[in-house]
Amino acid sequence: QVQLVESGGGSVQAGGSLTLSCTSRGFTLNSCATHWYRQAAGKNREWVSSISALSTDSSTSYANSVKDRFAISRDKAKDTVYLVMNRLKPEATALYSCETHAGRACNYHWGQGTQVTVSP
């Protein structure tokens, strides 16, 4: 269900940075593995990054296209997941969204996304 809210998108020049936030409505995001995806206009949705639930191993993972430039993290006090995007490239222009997936303690939730535009 649409129970996640993304924020922090905007327009930047190539090489700039943005930080995206993902917050939940009606459940504790800390309890769920959380995933960032992006979809550029006219292209398929692409997985970007994931972070484990706070109660597990807290592992992170990244798509090769963003590894070493993006960083995913949690603020447990704010129950928020962040995606810090550094050294942005024009090809990073996309609608970025966060999701949780069905598991032992979580359901499938998604948000409407936040737009990131990187100009040359």
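It should be emphasised that the depicted structure is a prediction, and the values quoted were computed from it without experimental measurement.

## Brief notes about the nonpolar core
If you look at the biggest cluster of nonpolar residues, it comprises 26 residues, and the most contacted ones within it are Trp 36, Phe 70, Leu 83, Met 85, Leu 88 and Tyr 96. Among the secondary structure elements, those contributing two or more residues to this core are β3 (18-24), β5 (46-51), β7 (70-75), β8 (80-85), β9 (94-100) and β11 (114-119). Not counting residues within four places of it along the chain, the set of residues in contact with Met 85 comprises Gly 16, Ser 17, Leu 18, Leu 20, Arg 69, Phe 70, Tyr 96 and Val 116.

## Some words on the packing of aromatic side chains
Using the criterion set out here, one finds one aromatic pair in the structure. Their ring planes at 40 degrees and their centres at 4.8 Å tell us that Tyr 108 and Trp 110 sit as a pair that is tilted. When its relative accessible area of 40% is taken as the criterion, Tyr 108 is described as partly exposed. Judged by relative accessible area, Trp 110 falls into the partly exposed class, the value being 28%. Here the basic side chain of Arg 45 rests over the ring of Tyr 37, its NZ or CZ set 3.9 Å away from the ring centre.

## Focus on the environment of Asp 75
When you line up the elements, Asp 75 lands in strand β7. On the basis of relative accessible area, Asp 75 is assigned to the partly exposed category, the value being 23%. With 43 residues separating them in the primary sequence, Asp 75 and Val 118 have C-alpha atoms 26 Å apart. Those residues in contact with Asp 75, other than ones at most four positions away along the chain, are Asn 30, Thr 80 and Tyr 82.

## Considerations on the pattern of salt bridges
This structure, assessed with the given rule, holds two salt bridges. Between Glu 99 and Arg 45 there is a salt bridge, with its nearest N and O atoms 2.0 Å apart. Residue Glu 99 is found in strand β9, and its partner Arg 45 is found in the loop between β4 (34-39) and β5; the two are separated by 54 residues along the sequence.

Thresholds, definitions, all that
- Residues numbered from 1 in each chain as written.
- Predicted model: local features only at pLDDT ≥ 70, side-chain atom pairs only at ≥ 80, totals over all residues.
- Heavy atoms only, no water.
- Core = buried A, V, L, I, M, F, W, Y, C linked by side-chain atoms within 4.5 Å.
- Buried < 20%, exposed > 50% of the residue type's maximum accessible area, 1.4 Å probe, protein only.
- Helix = DSSP H or I, 4+ residues; strand = E, 2+ residues; numbered from the N terminus.
- Contact = heavy atoms within 4.5 Å.
- Phe/Tyr/Trp six-rings, centres within 6.5 Å; stacked < 30°, edge-to-face > 60°.
- Lys NZ or Arg CZ within 6 Å of the ring centre and 35° of its normal.
- Salt bridge = Lys/Arg side-chain N within 4 Å of Asp/Glu carboxyl O.

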